[in-house]
Amino acid sequence: MDKMELTKKEFTLFKEYIYEHIGISLSEQKIYLVQARLAKRVKQLGLEGFSAYYHTLVNDASGKEFEYLCSLISTNVTSFFREAKQWEFWKTHLSSMIAGKNNRLRIWSAACSTGEEPYSIAMFLDENLPNNSHFDIKILATDVSPRVLKEAMNGVYGPKAIANLPQKYLSNYFERKDGVGNYGIKESMKRSISFRAFNLVTGNYGVFKGKQFDIIFCRNVMIYFDKPTQQTLVDKFYEMLCPGGYLFIGSSEALTDARKGLKSRSASIYQKV
Ligand SMILES: C[S@@+](CC[C@H](N)C(=O)[O-])C[C@H]1O[C@@H](n2cnc3c(N)ncnc32)[C@H](O)[C@@H]1O
């Protein structure tokens with residue numbers, strides 16, 4: 001089959017759909033990227049072109065094609081203990097952050113991708129929290145893409161994913177899965193984590209039923225949203241943080257119009273005051 005071309009008109013249709021349903025704001029320069037990513041799916045489904053695929057997508061009441069689109073469009077790059085400075089900050093301030101918490105911690109990894117972030121949180125707390133067995137820790141890990149969530153729940157990582165993970169973590173928290181370098185996270189590390197599908201832009205925040213978090217990690221996803229979407233999201237996070245709670249965002253995502261009441265504590269770390 002000849003190379004399929006995504007026309008400007010078709011690109012606009014997908015761009016608007018993606019913005020409305022995922023929140024990702026695509027610039028006009030992304031037309032070739034979108035073309036390349038969608039073309040594979042169009043061929044796989046045996047469709048004649050992008051317009052037919054758009055029709056399939058918007059008419060799929062099961063939501064399965066939307067799930068597929070999410071995994072095609074979003075970038076799932078992540079790693080264990082990403083953004084080293086934030087973990088150093090957390091380590092330095094951990095004792096003051098847990099003071100007055102009655103040994104209870106609620107943390108949300110709000111775009112958890114394949115799970116490296118929530119598992120890093122669980123390992124960090126196991127390693128650094130004094131008497132951690134006395135703590136009631138719950139980590140909520142969400143993502144819009146069911147495909148990455150499945151991988152996250154599985155918790156098995158190949159040589160590339162664990163390449164930079166210090167040996168002590170591999171020894172303490174992982175089990176060797178096979179002879180080809182795959183490691184699985186131990187069940188004990190999974191226990192405190194609940195994985196759920198949640199769309200940060202269109203999701204119904206009512207499902208949290210007034211839950212309050214001590215820390216929200218929303219890292220390396222807001223960069224794909226436009227300013228109004230980011231602002232709405234940060235307002236929601238503000239409501240969902242306990243007084244004194246922290247919001248960790250990606251290092252390239254500084255909140256230029258940080259919401260009143262969120263004070264910058266370090267690069268890309270904000271505290272509800
Ligand atoms: C680049 S990864 C970041 C993973 C991790 N937080 C980190 O910093 O390493 C971005 C993740 O955001 C998710 N994502 C994109 N749009 C989303 C949305 N509207 N709601 C929830 N998650 C979304 C993607 O599926 C992807 O897994």
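This text gives an overview of the structure that appears in the document.

How each quantity is defined
Residues numbered from 1 in each chain as written. Predicted model: local features only at pLDDT ≥ 70, side-chain atom pairs only at ≥ 80, totals over all residues. Heavy atoms only, no water. Near = heavy atom within 4 Å. Polar contact = N/O pair within 3.5 Å; in protein donor to acceptor, adjacent residues only side chain to side chain. Areas by Shrake-Rupley, 256 points an atom, 1.4 Å probe, with all protein chains shown as cover. 1 Å grid on protein atoms, 1.4 Å probe; cavity = no way out; pocket = protein on both sides within 12 Å on 5 of 7 lines; lining within 4 Å. Sits in = over half its atoms within 2 Å of the grid points. Nonpolar A, V, L, I, M, F, W, Y, C, P; charged D, E, K, R; others polar. Helix = DSSP H or I, 4+ residues; strand = E, 2+ residues; numbered from the N terminus. Core = buried A, V, L, I, M, F, W, Y, C linked by side-chain atoms within 4.5 Å. Buried < 20%, exposed > 50% of the residue type's maximum accessible area, 1.4 Å probe, protein only. Domains from an automatic or database assignment. Contact = heavy atoms within 4.5 Å. Expected span 1.5 Å × (residues − 1). Phe/Tyr/Trp six-rings, centres within 6.5 Å; stacked < 30°, edge-to-face > 60°. Lys NZ or Arg CZ within 6 Å of the ring centre and 35° of its normal. Right-handed = clockwise from strand over helix to strand, strands pointing away. Pairing = 2+ DSSP bridges. Axes fitted to C-alpha atoms, helices over the stretch in contact; angles between N-to-C directions. Parallel < 35°, antiparallel > 145°, perpendicular 65-115°, else oblique. Arc of directions from axis to C-beta.

## Examining the site of the ligand
For the ligand, the set of nearby residues contains 21 residues, the closest of which are Ile22, Thr78, Arg82, Asp143 and Asn220. Ile22 places a main-chain nitrogen or oxygen 2.6 Å from a nitrogen atom of the ligand. Bound to the protein, the ligand loses 99% of the 600 Å² it would expose on its own. When atom positions are compared with the pocket grids, the ligand is found to occupy the largest pocket. Residues belonging to the shell around the ligand are distributed by class as follows: nine nonpolar, eight polar and four charged.

## Considerations on unusual backbone geometry
A positive phi angle, close to 50°, is found at Ser113, a residue other than glycine. Mapped onto the elements, Ser113 comes out in the loop between strand E1 (104–109) and helix H6 (116–128).

## Quick look at the nonpolar core
Core analysis: the biggest nonpolar cluster contains 49 residues, and Trp108, Leu200 and Leu247 have the highest contact counts within it. Counting residues per element, the ones that place at least two in this core are helix H1 (8–21), helix H2 (31–44), helix H3 (50–58), helix H4 (64–73), strand E7 (213–218), helix H11 (227–240) and strand E8 (241–249). The two domains that each donate at least three residues to this core are domain 1 (8–73) and domain 2 (84–272). In this structure Trp108 touches Leu140, Thr142, Phe198, Leu200, Tyr205, Phe208, Phe213, Ile215, Ile216, Phe217, Phe237 and Met240, once residues within four positions along its chain are discounted. By size, the runner-up hydrophobic cluster in this structure holds 41 residues, among which are Trp87, Ile98, Phe124 and Met189.

## Quick look at helix H5 (residues 84–98)
In this model, H5 (15 residues) spans 21 Å end to end at C-alpha, consistent with the 21 Å of a helix rising 1.5 Å per residue. Of all the positions in H5, only Gln86, Trp87, Phe89, Trp90, Leu94, Met97 and Ile98 are classed as buried. Buried residues in H5 make contact with E1, H6, E7, E8, strand E9 (262–266) and strand E10 (269–272). Looking one or two residues beyond H5, the residue adopting positive phi is Gly100, at roughly 75°.

## A look at the packing of aromatic side chains
Under the criterion given, the structure shown has 29 aromatic pairs. A centroid spacing of 6.3 Å and a plane angle of 70° characterise the contact between Trp90 and Phe248, whose relative ring orientation is edge-to-face. On the criterion of sequence distance, the pair formed by Trp90 in helix H5 and Phe248 in strand E8 is long-range, its members being 158 residues apart. Residue class for Phe248 comes out buried when judged on its relative accessible area of 0%. Three or more aromatic residues joined by ring pairs make a cluster, and in this case those are Phe81, Trp87, Phe89, Trp90, Phe124, Tyr169, Tyr173, Phe217, Tyr246 and Phe248. Here Arg41 stacks its cationic end above the ring of Tyr68, 3.6 Å away from the centre of that ring.

## Quick notes on the pairing of E8
Taking burial as the measure, the nine residues of E8 include seven buried ones, the bulk of the element. Once you follow E7 into H11 and on to E8, the crossover reads as right-handed. Two elements, E8 and E10, share three bridges in a ladder whose sense is antiparallel. Counterpart to Tyr246 in the pairing with E10 is Gln271.

## With respect to the packing of H1 against H4
What describes two packed helices is the angle between their axes and the distance between those same axes. At a minimum axis distance of 12 Å, the contact between H1 and H4 shows a crossing angle of 100°. In terms of their interaxial angle, H1 and H4 are classed as roughly perpendicular. Between H1, through Tyr17, Ile18 and His21, and H4, the contact on the second element is made entirely by Phe66, Leu69 and Ile73. Residues of the contact of H1 with H4, tallied by class, amount to five nonpolar, one polar and no charged.

## Side note on helix H7 (residues 146–154)
All of the buried residues in H7 are Val148, Leu149 and Ala152. Across the axial projection of H7, the buried residues extend over an arc of 100°, all falling on one side. Phi for Gly155, located one or two positions after H7, is positive at around 65°.

## Things to note about the sheet that holds E8
One open sheet accounts for seven strands, arranged E6-E2-E1-E7-E8-E10-E9; its pairing is mixed. What marks the edges here is a single partner per strand, and that holds for strand E6 (193–197) and E9. Strand-to-strand, the axes of this sheet are offset by a mean angle of 20°, without reference to chain direction. Sheet strands in contact with H5 are E1, E7, E8, E9 and E10, and its direction is about 175° off that of E8. This element, H7, spans strand E2 (136–143) and E6 of the sheet and lies at about 165° to E6.

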